[in-house]
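Overview (structure and organization)
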Amino acid sequence: MTTLSGAFFGVIHRDLCIAMRHRGDLLNPLFFFLIVVTLVPLGISPEPARLAAMAPGMIWISALLATLLALDNLFQADFADGSLAHLVLSPQPLWLLVLAKIIAHWLVTGLPVVLFSPLLGLMLSLPDAGFLPLILGLTLGTAVFSLLGAVGAALTVALHKGSVLLSLLVMPLYVPVLIFGTSAVQRAVDGMSYGGVMAMLAAATAFTLLIAPFAAAGALKVGING
Amino acid sequence: MFQFENFDAFIAMGGHGPYVWAAYGLSLTIMAWLALAPLRRQRALLAELRQRLQAQRQRGQS
Amino acid sequence: MWQWFHKLGSPRWFYHISGKFLPWLALVSVVLIVTGVVWGLAFAPQDARQGNSFRIIYIHVPASFLALAGYYVMAAAGAVGMIWKMKLADMVMVAAAPLGAALTFIALFTGAVWGKPTWGTYWIWDARITSMLVLLFLYIGIIALSRSFSTRETSARACAILALVGTVNIPIIYKSVDWWYTLHQPATIKMTGAPSMHPDMFKPLLVMILGFYCFYALVLLLNTRTEILLRESRTTWVKELAEPK
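Everything quoted here is computed from the prediction, not taken from an experiment.

Focus: the overall build of chain A
Across its full length, chain A holds 10 helices and 0 strands. The linear arrangement of helices and strands in chain A, starting from the amino end, is α-α-α-α-α-α-α-α-α-α. Relative to a compact globule of 226 residues, whose C-alpha radius of gyration would be 17 Å, chain A shows 18 Å and is just as compact. Structurally, chain A occupies a C-alpha span of about 60 × 35 × 30 Å along its principal axes. Within chain A, the fraction of its 226 residues that count as buried is 51%. Summarising the internal contacts of chain A: among those between residues at least 6 apart in sequence, 82% fall at separations of at least 24. Accessible surface, chain A: about 9700 Å² in total, of which carbon and sulfur atoms supply 72%. The centroid of the 8 positive side-chain charges in chain A is displaced by 7 Å from the centroid of its 8 negative side-chain charges.

Focus: the nonpolar core
One finds Trp-60 and Phe-75 of chain A together with Tyr-58, Met-74 and Leu-145 of chain C to be the most contacted residues of the largest nonpolar core, which totals 145 residues. It is helix α4 (residues 87–119) of chain C that provides the largest number of residues to this core, a total of 14 residues. Contact partners of Tyr-58 of chain C, with chain neighbours within four places excluded, come to Tyr-24 of chain B together with Gly-40, Ala-44, Met-201, Pro-204, Leu-205 and Met-208 of chain C. Counting residues in hydrophobic clusters, the runner-up holds 23 residues, among them Ala-89, Cys-214, Leu-218 and Val-238 of chain C.

Digging into the arrangement of the chains
Sorting the 2 pairs of chains in contact by contact count puts chains B and C at the top. Nothing in chain A touches chain B, and the closest approach of their C-alpha atoms is 25 Å.

Focus on α4 of chain C
Residue and element names in this part refer to chain C. Taking 1.5 Å per residue as the helical rise, α4 with its 33 residues ought to reach 48 Å, and the 47 Å between its terminal C-alpha atoms agrees with that figure. Of all 33 residues making up α4, 24 are buried, and the element is well covered by its neighbours. The first or second residue beyond α4 is Gly-120, which carries a positive phi of 85°.

Points about the pattern of salt bridges
Taken as a whole and judged by the stated rule, the model has 10 salt bridges over all chains. A salt bridge links Asp-78 of chain A to Arg-14 of chain A, with the shortest nitrogen-to-oxygen separation between them at 3.0 Å. One end of the pair, Asp-78 of chain A, is in helix α4 (residues 72–81); the other, Arg-14 of chain A, is in helix α1 (residues 4–21), and 64 residues separate them in sequence. You can call Asp-78 of chain A buried: its relative accessible area is 7%. Using a relative accessible area of 33% as the deciding quantity, one classes Arg-14 of chain A as partly exposed. Here Arg-157 of chain C and Glu-153 of chain C are joined by a salt bridge, their closest N and O atoms 3.8 Å apart. Here the residue Arg-157 of chain C and the residue Glu-153 of chain C both occupy positions in helix α6 (residues 152–166), the gap between them amounting to 4 residues, near one helical turn.

Examining the interface of chain B and chain C
Where interface size is given, it is often the accessible area lost as the parts come together that is meant. Contact with chain B, which involves 32 residues of that partner, is made by 42 residues of chain C. A buried area of about 3400 Å², summed over both sides, lies between chain B and chain C, and 74% of it is on carbon and sulfur atoms. Three residues, Tyr-19, Tyr-24 and Met-31 of chain B, lead the burial of chain B against chain C; their summed loss comes to 20% of the area buried on that side. The interface formed by chain B and chain C holds 0 salt bridges in total. Linking chain B with chain C are 6 residue pairs in polar contact (both at pLDDT 80 or more). Here the side of chain B that touches chain C takes 24 residues from helix α2 (residues 17–61) of chain B, the largest share from any one element.

Thoughts on the interface of chain A and chain C
Tallying the contact residues gives 23 residues for chain A and 22 residues for chain C. At the boundary of chain A with chain C, total buried surface from both sides reaches about 1900 Å², with 87% on carbon and sulfur atoms. Area buried by chain A at its contact with chain C is led by Leu-155, Pro-172 and Val-222 of chain A, which between them contribute 25% of it. Linking chain A to chain C there are 0 residue pairs in polar contact (both at pLDDT 80 or more). Considered class by class, the residues forming the side of chain A that touches chain C number 19 nonpolar, 4 polar and no charged.

Procedures and definitions
Residues numbered from 1 in each chain as written. Chains lettered and ligands numbered in written order. Predicted model: local features only at pLDDT ≥ 70, side-chain atom pairs only at ≥ 80, totals over all residues. Heavy atoms only, no water. Helix = DSSP H or I, 4+ residues; strand = E, 2+ residues; numbered from the N terminus. Rg over C-alpha atoms; globule rule 2.2 N^0.38 Å. Buried < 20%, exposed > 50% of the residue type's maximum accessible area, 1.4 Å probe, protein only. Contact = heavy atoms within 4.5 Å. Areas by Shrake-Rupley, 256 points an atom, 1.4 Å probe, with all protein chains shown as cover. Lys, Arg positive; Asp, Glu negative; His and termini not counted. Charge placed at Lys NZ, Arg CZ, Asp CG, Glu CD. Core = buried A, V, L, I, M, F, W, Y, C linked by side-chain atoms within 4.5 Å. Expected span 1.5 Å × (residues − 1). Salt bridge = Lys/Arg side-chain N within 4 Å of Asp/Glu carboxyl O. Buried area = accessible area lost by both parts, 1.4 Å probe. Polar contact = N/O pair within 3.5 Å; in protein donor to acceptor, adjacent residues only side chain to side chain. Nonpolar A, V, L, I, M, F, W, Y, C, P; charged D, E, K, R; others polar.

This is the structure:
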């Protein structure tokens, strides 16, 4: 009989192994992140001042889009080969298993984005003050993106062309996080204190951490029947 | 009391006429449609049902 | 009390009861809205700074209120339908989505038209307007999701989950004026304290808000009744409606 922690870490381990074997899935969102940011100076202007003005927003938007792109990997593959049904039917609480999958997903998509964000800040002439709030904010923000995205991914897992609908469903939910995240960086760059905004972001992350696994578990049970 | 000198002034709205009337016009039109569309749908549904029942009965008789 | 609640679950009972007070609700809605429109357009004083374009407030504010409140109605109906497995609640939720989306669109459109003479631009990306746009996307997402599933029950459950998760966004929209510096008019009606509008401007606004609430209830009921007829078309009582004896 598998223990709860056994199941939890077992799912994380399994998802990470699968991700390692399909390194393309791991790297694609990251390259997407890099490419979008590279397009910005090409499409708008290479002027450092203008880039610096846009940097917080552009980095955050790219991170958001990269996460959206990667959300398909969360449940689709397991749904296609039937292992998702096994997961739903297993005796362990579904919310715990879903949380494990989300964590594994974040380690593979959100974490690389966070680690690469200083490089992107450099490329977009982000002023020095902005780097710390960027990294902190993105850590929290990408976690929320993965958590909320899981709910949308669960709802649309069985739908034909679900990924387009997924973006539509999930983006309005992302907007407050985006606003808070960029606001923190912008305030730091402007010399103001960003602690309050970061606290809001932390609160949003904590709250989402609490409800999203349950919502996603419920959504999975519904979505599988789609 | 009536805030305008005459009807023309009312329509003109001190130069803001096009904005005010566009806003009110579109909004009230949409609202009217929102209220009337389900009524029309109901009537169509019942009429369709009536036709189906009559067709059933005719087939039953013949 | 619980008996009433269980009766509420019966579409037939709901259809007949709502049919009885629907004409009155319609009458009240029309009277309130017509009164409010005429009062606001012709008899309320114009604003010192904004002139007559300010009269758009009599549509914009009630529409915004109902657009926000309507999302809660939709989410609550979804929750009731999910928890108590009440088909009627599911029908109300599905009916509330396009209604809320239309009202959000009206709020955005009137806001844009109001913005042009007042601030010189149709669109400005401030917190409140942007949040309204996000609300519209939330509604559209629910509508799109409701059309994607093959069975009604799965569709209703999925929409209920999405609506409940989206509900968290609503307080943020409502509080956005406090959290960001914005060009938008500060909220003139607070639940506590006096409104910062002149009373002669404020009274027609109250009438319109009331009228919009009644209008919302009216349209919601009408759409729910239509949905009931559609789903229950094989039952005897609906057939009797089609062909009264």
